[in-house]
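Given next are the chains, with one letter for each unit.
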There are 2 protein chains.
Amino acid sequence: MPAFKNALARFMSEQRGYRVTFDPSNIVLTAGATSANEALMFCLADHGDAFLIPTPYYPGFDRDLKWRTGAEIVPVHCTSGNGFRLTRAALDDAYRRAQKLRLRVKGVLITNPSNPLGTTSPRADLEMLVDFVAAKGIHLVSDEIYSGTVFADPGFVSVLEVVAARAATDDGVVSAATKMSSFGLVSSQTQHLLASLLGDRDFTRRYIAENTRRIRERREQLAEGLAAVGIECLESNAGLFCWVNMRRLMRSRSFEGEMELWKKVVFEVGLNISPGSSCHCREPGWFRVCFANMSAKTLDVALQRLGAFAEAATAGRRVLAPARSISLPVRFSWANRLTPGSAADRKAER
Amino acid sequence: MPAFKNALARFMSEQRGYRVTFDPSNIVLTAGATSANEALMFCLADHGDAFLIPTPYYPGFDRDLKWRTGAEIVPVHCTSGNGFRLTRAALDDAYRRAQKLRLRVKGVLITNPSNPLGTTSPRADLEMLVDFVAAKGIHLVSDEIYSGTVFADPGFVSVLEVVAARAATDDGVVSAATKMSSFGLVSSQTQHLLASLLGDRDFTRRYIAENTRRIRERREQLAEGLAAVGIECLESNAGLFCWVNMRRLMRSRSFEGEMELWKKVVFEVGLNISPGSSCHCREPGWFRVCFANMSAKTLDVALQRLGAFAEAATAGRRVLAPARSISLPVRFSWANRLTPGSAADRKAER
């Protein structure tokens with residue numbers, strides 16, 4: 001529907017400070033970001049081809065990108081030493097590992113802002129990355145689904161700002177992805193609704209401003225609550241989650257220790273968080289904690305429980321399940337979910 | 001969304017005269033029927049496996065079912081001799097051909113009501129088909145997307161009425177298809193809208209009654225208009241299209257003759273119809289003509305043009321493009337469409 005694509009192109013441009021523009025005829029609509037990422041993999045990679053993805057990455061990619069396409073993912077190992085920033089050395093290392101596995105590297109996929117880190121990619125890192133893919137002659141996929149969640153400096157830089165001068169539209173990809181959009185159509189009334197909604201600039205500005213204000217507030221609530229019990233979050237400026245270092249609560253500094261801690265937090269404390277190992281993080285002890293899909297009151301209860309657990313754990317005592325005054329459903333957002341929820345649920349979980 | 005699945009289960013049961021019921025927990029939602037059919041293929045067939053499909057069949061299946069899954073289609077050849085009804089001999093013949101091609105037959109897929117025939121499967125044919133798949137130990141997929149278009153006797157018999165006593169729910173397929181529904185999600189507001197709409201029984205009854213009345217009327221308009229110039233339609237009782245025998249307009253009784261006629265109708269007469277060869281029909285000269293996605297006035301213009309063309313063709317004169325008082329867009333619904341339209345467009349085209 002042209003009205004929707006036009007409104008979307010304008011809104012996406014506004015979100016990027018009008019530093020880049022979008023041609024509505026190059027927009028391909030899909031029923032969800034999962035569908036978009038899978039369609040791109042079908043377009044760009046054959047069975048046995050690989051994409052490099054910086055770690056930690058969204059655990060769903062192992063399902064979304066590989067499951068039906070036959071494509072492989074080779075992780076680009078980032079570490080806490082530099083705040084999990086992407087480096088040329090890490091990219092080169094991943095590229096070499098892919099070659100050793102006899103995989104043909106077809107591209108790099110990044111999430112910017114990062115899921116699970118909640119950080120935006122600095123312009124210098126994007127420039128380094130664009131140099132890398134240009135040198136290798138491979139594709140670059142930038143999943144910017146969280147660009148509307150940036151709540152603090154440094155602001156969001158879209159990869160389009162960096163490649164604008166160098167990249168041309170690949171009509172082949174647009175055409176193939178458009179054909180594949182048959183497999184996940186966006187219904188007409190949804191396009192009507194979103195066209196009206198995004199066409200109202202006053203509304204979208206107020207909405208985004210209020211939304212980022214609330215995310216910032218909720219993120220502070222989580223970070224302060226965790227700091228009070230000696231748990232640190234990676235500094236972040238975007239996303240609906242924090243990347244939290246819980247190493248000091250583990251009985252052993254290993255992935256077994258991480259899994260043991262995760263099971264306790266899920267089954268005894270009654271909170272679901274995602275272990276770093278599910279995001280292919282190489283350092284045990286990191287967890288993704290979502291804070292935006294619940295009320296401030298629920299987050300308070302969660303922090304109280306986690307606080308009690310942390311105190312007991314560091315005191316070396318066995319932790320028992322606390323009395324549950326508020327029911328917090330255990331949600332397995334990162335693995336083996338049998339029944340995906342509504343689109344709204346899924347967005348919160350990504 | 002449970003409210004939507006509950007309303008859908010009740011509506012689907014009503015459409016089948018309450019002779020069968022549906023368990024809402026066995027319903028998997030997908031963004032369009034194309035998405036549903038592809039997901040089922042991903043569930044039931046691996047690369048190199050095959051499904052048998054009676055001809056003529058919806059040309060999109062060659063794309064939807066095979067493209068990304070790697071599955072193959074082996075046509076079950078039905079003929080005009082018995083009104084293109086499915087026979088055991090045709091099924092056995094297709095099964096043998098598949099074996100000769102070293103393909104593992106995983107099931108049979110039917111469309112009931114048939115696209116492109118516009119006919120419903122008689123109960124006896126469904127019983128024969130169920131016996132066949134039971135004997136071979138293979139799957140049966142019944143695409144009943146057009147069950148709401150039945151406008152005349154004999155009424156619609158869902159395959160569920162025939163298998164009710166023999167079939168059990170395959171939880172594995174429900175679970176796998178549910179996971180795959182991530183790749184084509186139905187947005188929350190669409191589910192809300194449809195739950196309200198389907199929950200209003202008075203409205204849905206009036207809507208279906210009025211809709212089938214209009215389809216019947218339009219179908220008569222087309223059949224009578226074609227009969228007036230000596231062109232026959234297959235007798236039908238459902239669907240948004242007729243299966244039309246245009247053999248007498250062809251210069252040669254071959255698929256070359258069919259393609260030559262199709263090009264004339266598209267480029268000279270300005271009408272888009274689907275040649276039977278695109279539906280894998282083995283008898284040249286049949287065409288699918290859609291009648292429901294236009295106004296009665298537009299259909300009249302189309303019939304006038306086709307009438308003039310038929311007269312000229314049978315008089316052996318070269319046919320020229322008539323003056324176009326109403327613009328009829330040329331629509332390539334069966335092949336090589338680059339830009340799928342809205343969901344409503346696609347539904348009309350299927």
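Residues numbered from 1 in each chain as written. Chains lettered and ligands numbered in written order. Predicted model: local features only at pLDDT ≥ 70, side-chain atom pairs only at ≥ 80, totals over all residues. Heavy atoms only, no water.

## Concerning the overall build of chain A
Applied cut-off: Secondary structure elements follow DSSP: runs of H or I of four or more residues count as helices, runs of E of two or more count as strands, with numbering from the N terminus. Here the radius of gyration uses the C-alpha set of atoms, whereas the globule reference equals 2.2 Å times the residue count to the power 0.38. Only protein chains enter the accessibility calculation, which uses a 1.4 Å probe. A residue is then buried if its area is under 20% of the maximum for its type, exposed if over 50%, and partly exposed in between. By the convention used here, residues are in contact when the closest approach between their heavy atoms is within 4.5 Å. Positive charges are assigned to Lys and Arg, negative charges to Asp and Glu, while His and the chain termini are left out of the count. Throughout, a charge is located at the NZ atom of Lys, the CZ atom of Arg, the CG atom of Asp or the CD atom of Glu.
The helix and strand inventory of chain A stands at 12 helices and 8 strands. Against the 2.2 N^0.38 benchmark of 20 Å for 350 residues, chain A shows a C-alpha radius of gyration of 21 Å, consistent with a compact globule. Principal axes of the C-alpha set define a box for chain A whose edges measure 60 × 50 × 35 Å. For chain A, buried positions account for 55% of its 350 residues. A separation threshold of at least 6 residues defines the contact pool for chain A, and within that pool the share at least 24 residues apart is 72%. The average position of the 45 basic charges and that of the 36 acidic charges among the side chains of chain A differ by 3 Å.

## Observations concerning the pattern of salt bridges
Residues and elements named next belong to chain B. Let me state the cut-off plainly: For this document, the term salt bridge refers to a Lys or Arg side-chain nitrogen within 4 Å of an Asp or Glu carboxyl oxygen.
This model, assessed by the stated rule, comprises 34 salt bridges over all chains. Here arginine 104 makes a salt bridge to aspartate 49, at a shortest N to O gap of 3.7 Å. Of this pair, arginine 104 sits in strand E3 (residues 104-111) while aspartate 49 sits in strand E1 (residues 49-54), and the two are 55 residues apart along the sequence. By relative accessible area, aspartate 49 is classed as buried at 5%. The closest approach of N and O atoms between arginine 213 and glutamate 210, which form a salt bridge, is 2.8 Å. Here the residue arginine 213 and the residue glutamate 210 both occupy positions in helix H9 (residues 201-228), the gap between them amounting to 3 residues, near one helical turn.

## Here's the deal with the pairing of strand E6 (residues 241-245) of chain B
The two faces of the sheet receive side chains in turn, since in a regular strand these alternate between them. Residues and elements named next belong to chain B. Here is the rule: DSSP bridges decide pairing: two strands pair if at least two such bridges lie between them.
Along E6, 5 of the 5 residues are buried, which leaves the element largely enclosed by surrounding structure. The two faces of E6 match: Phe241, Trp243 and Asn245 on one face and Cys242 and Val244 on the other face are all buried. Sheet analysis places strand E5 (residues 232-233) next to E6, joined by 2 bridges and oriented antiparallel. Each residue of the ladder has a partner; that of cysteine 233, found in E6, is valine 244. In this sheet, strand E8 (residues 286-290) lies alongside E6 in antiparallel orientation, the contact comprising 5 bridges. The residue of E8 that forms the bridge with valine 244 is phenylalanine 287.

## Thoughts on the UniProt feature "domain: Aminotransferase class I/classII large" (unreviewed entry) in chain A
Using the following cut-off: UniProt positions are given in the numbering used here, feature names are shortened, and annotations may be inferred rather than shown by experiment.
The sites that UniProt annotates as "domain: Aminotransferase class I/classII large" (unreviewed entry) are residues 2-306 of chain A. Annotated as residues 2-306 of chain A, this span is 45% helix and 12% strand, and its ends, taken at the C-alpha atoms, are 49 Å apart.

## Some details on the sheet that holds E8 of chain B
Residues and elements named next belong to chain B. Heads up, the condition is: Between N-to-C directions, angles cover 0 to 180 degrees, with each direction set by a line fitted to C-alpha atoms, over the stretch in contact for helices.
One open sheet accounts for 4 strands, arranged E5-E6-E8-E7; its pairing is antiparallel. This sheet does not close on itself; its edge strands, each paired only once, are E5 and strand E7 (274-275). Strands E7 and E8 of the sheet are contacted by helix H10 (residues 255-269), whose axis makes an angle of about 30° with E8.

## Describing the environment of glutamate 283 of chain A
Residue and element names in this part refer to chain A. Here is the rule we go by: Residues adjacent in sequence count toward polar contacts only when both atoms are side-chain atoms; beyond that, a polar contact is any pair of N or O atoms within 3.5 Å, and within protein one must be able to donate a hydrogen and the other to accept it.
Looking at the secondary structure, you find glutamate 283 in the loop between strand E7 (274-275) and strand E8 (286-290). Relative accessible area serves as the criterion here: at 17%, glutamate 283 is assigned to the buried category. Distance in space between the C-alpha atoms of glutamate 283 and glycine 70 is 28 Å, their sequence separation being 213 residues. Not counting the four nearest positions on each side in its chain, glutamate 283 is found in contact with Thr79, Ser80, Phe84, Phe255 and Glu258. Of the polar contacts made by the side chain of glutamate 283, one reaches the side chain of serine 80; its length is 2.6 Å. A polar contact of 3.5 Å, which involves the side chain of glutamate 283, links it to the side chain of tryptophan 286.

## Things to note about the environment of aspartate 131 of chain A
Residues and elements named next belong to chain A. The topology assignment puts aspartate 131 in helix H5 (residues 123-136). Given a relative accessible area of 38%, aspartate 131 falls into the partly exposed group. With residues up to four places along the chain from it excluded, the contact list for aspartate 131 reads Arg88 and Arg166.

## Examining a nonpolar patch on the surface
All names here are of chain B. Worth spelling out the cut-off: Put simply, a patch holds well-exposed residues, over 30% relative accessible area, that have no salt bridge, with like charges counted together within 9 Å and Val, Leu, Ile, Met, Phe, Trp or Tyr side chains within 5 Å. Methods summary: accessible areas were calculated by the Shrake-Rupley approach with a probe of 1.4 Å, and residue burial reflects only the protein chains presented.
A surface patch of nonpolar side chains, about 350 Å² in accessible area, is lined by Leu193, Leu197, Phe203 and Tyr207. Contributing elements (two or more residues each) for the nonpolar patch: helix H8 (188-199) and H9. Structurally, the position occupied by leucine 197 is in helix H8.

## Examining unusual backbone geometry
Here the residue pair threonine 55 of chain A and proline 56 of chain A is connected by a cis peptide bond, since its omega of -10° sits within 30 degrees of zero. Looking at where proline 56 of chain A falls in the secondary structure, it is placed in the loop between strand E1 (49-54) and helix H3 (61-64). Cis geometry marks the peptide bond from aspartate 153 of chain B to proline 154 of chain B; its omega dihedral reads -5°. Position of proline 154 of chain B among the secondary structure elements: in the loop between strand E4 (139-143) and helix H6 (159-163). Despite not being glycine, arginine 102 of chain B has its phi angle at roughly 60°, a positive value. Residue placement: arginine 102 of chain B occurs in the loop between helix H4 (88-100) and E3. Given the relative accessible area of 78%, arginine 102 of chain B is considered exposed. Positive phi, close to 65°, is recorded for histidine 280 of chain B, a residue that is not glycine. Within the secondary structure, histidine 280 of chain B is located in the loop between E7 and E8.

## Quick look at the pairing of strand E3 (residues 104-111) of chain A
Residues and elements named next belong to chain A. So the rule is basically this: By convention a crossover is right-handed if, when the strands point away from the viewer, the path from the first strand over the helix to the second runs clockwise.
The element E3 is extensively covered by neighbouring structure, given that 7 of its 8 residues are classed as buried. Both E1 and E3 contribute to a ladder of 4 bridges, which runs parallel. By the bridge assignment, alanine 50 is partnered in E3 with valine 105. In this sheet, strand E4 (residues 139-143) lies alongside E3 in parallel orientation, the contact comprising 5 bridges. Bridge assignment links isoleucine 110 to a residue of E4, and that residue is serine 142. In this region the chain leaves E3, passes through H5 and returns to the parallel neighbour E4; the handedness of that crossover is right-handed.

## Describing the packing of helix H1 (residues 2-15) of chain B against H8 of chain B
All names here are of chain B. How we decide: Each crossing is labelled by how the near helix is turned from the far one, with a counterclockwise turn of less than a right angle marking it left-handed and a clockwise turn marking it right-handed. All amino acids are sorted into three groups, where Ala, Val, Leu, Ile, Met, Phe, Trp, Tyr, Cys and Pro are nonpolar, Asp, Glu, Lys and Arg are charged, and the leftover types, Gly among them, are polar.
As a packed pair, H1 and H8 sit with axes 8 Å apart at the nearest point and diverge in direction by 40°. As H1 packs across H8, the resulting crossing turns out to be left-handed. Note on element contacts: H8 touches H1 through Gln191, Leu194, Ala195, Leu198 and Gly199, opposite Ala3, Phe4, Ala7, Leu8, Arg10 and Phe11. Split by residue class, the contact of H1 with H8 holds 8 nonpolar, 2 polar and 1 charged.

## Topic: helix H7 (residues 171-180) of chain A
Residues and elements named next belong to chain A. Here is the rule we go by: As used here, the arc belongs to the directions running from the helix axis to the C-beta atoms.
Regarding H7, the residues found buried are Val173, Val174, Ala177, Thr178 and Met180. Along H7, the residues classed as buried sweep out an arc of 160° about the axis, all on the same side. Considering only its buried residues, H7 is in contact with helix H2 (33-44). The N-terminus of H7 is capped by aspartate 170, whose side-chain oxygen sits 3.0 Å from the backbone nitrogen of glycine 172.

## Structural notes on the domain arrangement of chain A
All names here are of chain A. Let me state the cut-off plainly: Each domain's extent is set by a domain assignment, obtained either automatically or from a database. Once two parts are put together, the accessible area they lose, assessed with a 1.4 Å probe and summed over both, is termed the buried area.
Partitioning chain A into domains gives domain 1 (2-201) and domain 2 (214-338). Put simply, the middle of domain 1 and the middle of domain 2, counted by C-alpha atoms, are 28 Å apart. Both sides together, the interface formed by domain 1 and domain 2 hides about 2,100 Å², and carbon and sulfur atoms give 63% of it. Of all residues in domain 1, the largest losses of buried area upon contact with domain 2 belong to Pro59, Pro116 and Phe151, amounting jointly to 30% of the total for that side. Our count for the domain 1 to domain 2 interface comes out at 0 salt bridges. Inspection of the domain 1/domain 2 interface yields 13 residue pairs in polar contact (both at pLDDT 80 or more). Tallied by class, residues from the side of domain 1 that touches domain 2 come to 13 nonpolar, 11 polar and 2 charged.

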